[in-house]
Amino acid sequence: MNEYELQIATLQNLIKNYTTFQTLADTTRDPQHARLAQDALNTLNNVRLSLGFDAEMREVFYSQINVSTIQKTISFSSNDIAYIIKQGIAYLENGVTLSMINQGAKKKTITREPVAWQQLFATQQGLALGQQTVFPLPEALRFNENQALQISIANQTQAGFLFLHGCNLKANLENVTRRDLEREFKTEKGETIYLPETQLVPIAYQFPSNVIGTYATAPNGDENIFSAKNGRSVLLTHVSTTATNCRIDSLTDTGKNQTLAQKCEVTGIAADYNNAFTTWHPLPYPHLLWRGDRLKLVMMNGSPMQADQVTAADVTQYLCFKGITL
Amino acid sequence: MINLFNHTQLTQDERRLILARAIASQPYFAALDFEVLAGASKDSQYKAKLEVDKNFYITDVRANFNEILNETGTEFWLSIWQSYAGESIHKYQRTELLPPSFQSFEARFNIAFASQVYCDLQQEICPYLVKKGNSVLAQIDNLGVKAQEASGRIVLAGYYPTGKAYLDERTTQSINESLADEPSIETFSFTVDEAGQKSYILQNDRYARLILGFSVTDLETNKANLASSLLKITDFARKIKFNDVPIPIEYFAPRLTCLRDTHIYYLPVEAFFEPLNALRFEMDTDLNGGAGFEFTMVTRKV
């Protein structure tokens, strides 16, 4: 469990406290019970505010690195601003080892000796063995704008893939203030409008043909594929999919004009909804989808990772996010 | 889940808060059943309804649709919504059908190692209020091949805030004795090795405790010989029922075979186990040629 999942579990626990003590206060008219309820409500509003701020300070990204049979050293950097790599998924051979260095003006060694990739990354879901849930790196790796992550790979004899999950760090909160976030769930008088609830944000699409490289359309045939609009802002925390043999060409939050993923295999991002071990992959950090904003998906059929297998045509598929209303 | 907030390093204040919540609420499990007929064709839809007569907070949804998929090849998609509020409990377009795994976790009955093709991890949602007088409706839609006869089921686990509870002098004294002591985890268990209807009692000692969750260890590893059982739980002293209608045991506790599986399903909220109180577990068991199972209840001294 990573830190924000623990925060959300805390939020759920506080909602249980608040609802129980509020009912108790209503039946007993005891000010002590009312105080317990109010304490729980204040704390849970602070937790959701802190989750909201944290999400607004970060721009979540998913990055796919293709490991060729020739190239053995890869350099990764993100948008020339400070960033964090939190977790990753790998599709590499069993005996492959990795060395990682923070490559800046001054080298910082991350792995002193080459280590098995399984020590650092989760395995791509669907393989028979190994960890199949995304787990965070031993420590989130933070890079300044002038630093890159250099990964050296040994013993890989065929094409492989690495998926890095992380976030860019915004220098400051531009147009968002505490007031904007608070107005989502509090009135001007400070009354709480609603409690956080679990929300699904699915994106439905289908492929017109099962030929590799075919672009998906919305189920109604529209070329643009959007998630439905939400009446409340949602903190997206997990993602799952019904189709694993396809590739995200781009996934964008249209409200923020922020690209979350580009040219990335679905299995490097989302869990298979029907898998043995987990049906949800956690996002590296929560993404705040503001009220009324939509996610836009461009999806391509076929997965080179799965020996060019394709997803069936004319069947509605979903890339589904799960989260909580802020 | 409550396991994250119940451990032996709790402070006195945290312990009192959890205790106060346990006394003023009760866990509850409500089942919605769908009897799927043999030979039902693709796109057959089934609906089920649950009437709610007290404010009910849903904290997790347990289902068996992946097991049906695994056993029969029939895939169902699911939607769950609250009738009068007119909204899906997942806050997504009211009656839109989605794969059940997006909305529920699997109540795992099938313990055969090689057959684990679905997730059995307990997942909790933010408590979702179904107001007194409202009802919850669920619909499933057969997407796949012709259905074989199957019993589709979702169980909505959650809690009722019960308001003020009466504590007698002896209970209060016992709570104070427990609070003066260190919190400790203790399990209670019994073995079910007889078929048919039978009641099992778990008796508390003089300490006030909180019930955290349940676990089941089957005494068989052969899937064909796994016992199945319907369970109803009643608290004698507090006169509360965890469920009104008997529910298969896998909705209360996961089947335990190997270490990488989930072992315990935790309750939506801690249940207060009064000193010298007894819990009655009414079971209707079918041994299926096997030796039965061991049922374990995990508790913490308040």
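What counts and what doesn't
- Residues numbered from 1 in each chain as written.
- Chains lettered and ligands numbered in written order.
- Predicted model: local features only at pLDDT ≥ 70, side-chain atom pairs only at ≥ 80, totals over all residues.
- Heavy atoms only, no water.
- Pairing = 2+ DSSP bridges.
- Helix = DSSP H or I, 4+ residues; strand = E, 2+ residues; numbered from the N terminus.
- Salt bridge = Lys/Arg side-chain N within 4 Å of Asp/Glu carboxyl O.
- Buried < 20%, exposed > 50% of the residue type's maximum accessible area, 1.4 Å probe, protein only.
- Contact = heavy atoms within 4.5 Å.
- Buried area = accessible area lost by both parts, 1.4 Å probe.
- Polar contact = N/O pair within 3.5 Å; in protein donor to acceptor, adjacent residues only side chain to side chain.
- Expected span 1.5 Å × (residues − 1).
- Arc of directions from axis to C-beta.
- Axes fitted to C-alpha atoms, helices over the stretch in contact; angles between N-to-C directions.
- Left-handed = near helix turned anticlockwise from the far one by under 90°.
- Nonpolar A, V, L, I, M, F, W, Y, C, P; charged D, E, K, R; others polar.
- Core = buried A, V, L, I, M, F, W, Y, C linked by side-chain atoms within 4.5 Å.
- Patch = residues over 30% accessible without salt bridge, like charges linked within 9 Å, V, L, I, M, F, W, Y side chains within 5 Å.
- Areas by Shrake-Rupley, 256 points an atom, 1.4 Å probe, with all protein chains shown as cover.

### Thoughts on the pairing of strand E15 (residues 258–265) of chain A
Right, on to step 1. The sheet contact formed by strand E14 (residues 246–253) of chain A and E15 of chain A spans six bridges and is antiparallel. Each bridged residue has a counterpart across the sheet, and for serine 250 of chain A the counterpart in E15 of chain A is glutamine 262 of chain A.

### Some thoughts on the sheet that holds strand E4 (residues 76–82) of chain B
Either a parallel or an antiparallel arrangement is found when strands of a sheet pair, and the pairing is made through backbone hydrogen bonds.
Residue and element names in this part refer to chain B.
Right, on to step 1. The strand order across the open sheet formed by four strands is E2-E8-E4-E5, and the pairing between neighbours is antiparallel. Among the strands making up the open sheet, the edge pair consists of strand E2 (45–51) and strand E5 (87–88).
Right, on to step 2. The sheet contact formed by E4 and E5 spans two bridges and is antiparallel. Bridged to tryptophan 81 within E5 is serine 88.

### Some thoughts on the pattern of salt bridges
Residue and element names in this part refer to chain B.
Right, on to step 1. Under the defined criterion, the tally for this structure stands at 23 salt bridges over all chains.
Right, on to step 2. As a salt-bridge pair, arginine 153 and aspartate 33 come within 2.6 Å of each other at their nearest N and O atoms. With a gap of 120 residues between them, arginine 153 in strand E9 (residues 150–161) and aspartate 33 in strand E1 (residues 25–36) connect regions that are remote in the sequence.
Right, on to step 3. Judged by relative accessible area, which is 14%, arginine 153 ranks as buried.
Right, on to step 4. Given the relative accessible area of 36%, aspartate 33 is considered partly exposed.

### A look at the interface of chain A and chain B
Quite often, the size of an interface is put as the accessible area lost when its parts meet.
Right, on to step 1. Contact with chain A, which involves 41 residues of that partner, is made by 45 residues of chain B.
Right, on to step 2. The junction of chain A with chain B conceals about 3,700 Å² of combined surface from both sides, 63% of it contributed by carbon and sulfur atoms.
Right, on to step 3. There are two salt bridges connecting chain A and chain B.
Right, on to step 4. Two residues, glutamate 197 of chain A and lysine 91 of chain B, come together in a salt bridge whose shortest N-O distance is 3.3 Å.
Right, on to step 5. Our count for the chain A to chain B interface comes out at 12 residue pairs in polar contact (both at pLDDT 80 or more).
Right, on to step 6. For the side of chain A that touches chain B, the secondary structure elements donating two or more residues are helix H1 (3–28), strand E11 (198–205), strand E13 (234–241) and strand E19 (317–325) of chain A.
Right, on to step 7. Tallying contributions element by element places H1 of chain A first for the side of chain A that touches chain B, with 15 residues.

### Some thoughts on the side chain of glutamate 250 of chain B
Right, on to step 1. As for its position among the elements, glutamate 250 of chain B is in the loop between strand E15 (247–248) and strand E16 (255–256).
Right, on to step 2. Once residues lying within four places of it in the same chain are set aside, the contact partners of glutamate 250 of chain B are Ala107, Arg108, Phe109, Arg255 and Tyr265 of chain B.

### Brief notes about helix H4 (residues 169–180) of chain B
Residues and elements named next belong to chain B.
Right, on to step 1. Between its first and last C-alpha atoms H4 spans 17 Å; for 12 residues at 1.5 Å apiece the expected length is 16 Å, and the two agree.
Right, on to step 2. Here H4 has its buried residues at Thr171, Ser174, Ile175, Ser178 and Leu179. Looking straight down H4, one finds that the buried residues subtend no more than 140° of arc, so they occupy a single side. In H4, the exposed positions that point more than 90 degrees away from the buried face belong to Glu169 and Ala180.

### Considering the packing of helix H1 (residues 12–23) of chain B against H4 of chain B
When two helices pack together, their arrangement is given by the angle between the helix axes and the distance between those axes.
Residues and elements named next belong to chain B.
Right, on to step 1. Remark: H1 packs on H4, axes separated minimally by 11 Å, with the N-to-C direction vectors making an angle of 145°. With respect to the hand of their crossing, H1 and H4 are arranged in right-handed fashion. Residues Gln12, Arg15, Arg16, Leu19 and Ile23 of H1 form the contact with H4, whose own contacting residues are Ile175, Ser178 and Leu179.
Right, on to step 2. Partitioned by chemical class, the residues of the contact of H1 with H4 number four nonpolar, two polar and two charged.

### Quick notes on the nonpolar core
Right, on to step 1. One finds Tyr205, Ile248, Leu251, Leu297, Met299, Leu319 and Phe321 of chain A to be the most contacted residues of the largest nonpolar core, which totals 66 residues.
Right, on to step 2. Sorting elements by how many residues they give to this core places helix H2 (residues 31–56) of chain A first, with nine residues.
Right, on to step 3. Ignoring any residue separated from it by four or fewer positions in sequence, one finds isoleucine 248 of chain A in contact with Ala261, Gln262, Lys263, Cys264, Val266, Ile269, Leu297, Val298, Met299 and Leu319 of chain A.
Right, on to step 4. In this structure, Phe29, Phe214, Phe252 and Met283 of chain B belong to the second largest nonpolar core, which totals 46 residues.

### Some words on a nonpolar patch on the surface
Right, on to step 1. A grouping of Met1 and Leu6 of chain A together with Leu4 of chain B is seen on the molecular surface, where their side chains present a nonpolar patch of about 290 Å² in accessible area.
Right, on to step 2. Locating methionine 1 of chain A in the fold gives a position in the segment before H1.
Right, on to step 3. On the basis of relative accessible area, methionine 1 of chain A is assigned to the exposed category, the value being 66%.

### Digging into helix H3 (residues 178–185) of chain A
All names here are of chain A.
Right, on to step 1. Restricting attention to buried positions, one finds in H3 the residues Leu181, Glu182, Glu184 and Phe185. When H3 is viewed along its axis, its buried side chains cluster within an angular range of 145° and face the same direction.
Right, on to step 2. As for H3, its buried residues are in contact with H2 and strand E17 (281–289).

### A short note on the pairing of strand E9 (residues 148–154) of chain A
All names here are of chain A.
Right, on to step 1. Judged by how many residues are buried, E9 sits mostly within the fold: five of seven residues are covered.
Right, on to step 2. Pairing of strand E2 (residues 73–76) with E9 involves four bridges; the strand directions are antiparallel. In the strand pairing of E9, isoleucine 74 is matched with isoleucine 151.
Right, on to step 3. Two elements, strand E4 (residues 97–103) and E9, share seven bridges in a ladder whose sense is antiparallel. Residue pairing across strands places asparagine 102 opposite leucine 149, the latter belonging to E9.

### Some words on the side chain of threonine 111 of chain A
Right, on to step 1. Looking at where threonine 111 of chain A falls in the secondary structure, it is placed in the loop between strand E5 (107–109) and strand E6 (115–116).
Right, on to step 2. Looking at threonine 111 of chain A, its side chain comes within polar contact range of the main-chain nitrogen of methionine 100 of chain A, at 2.8 Å.

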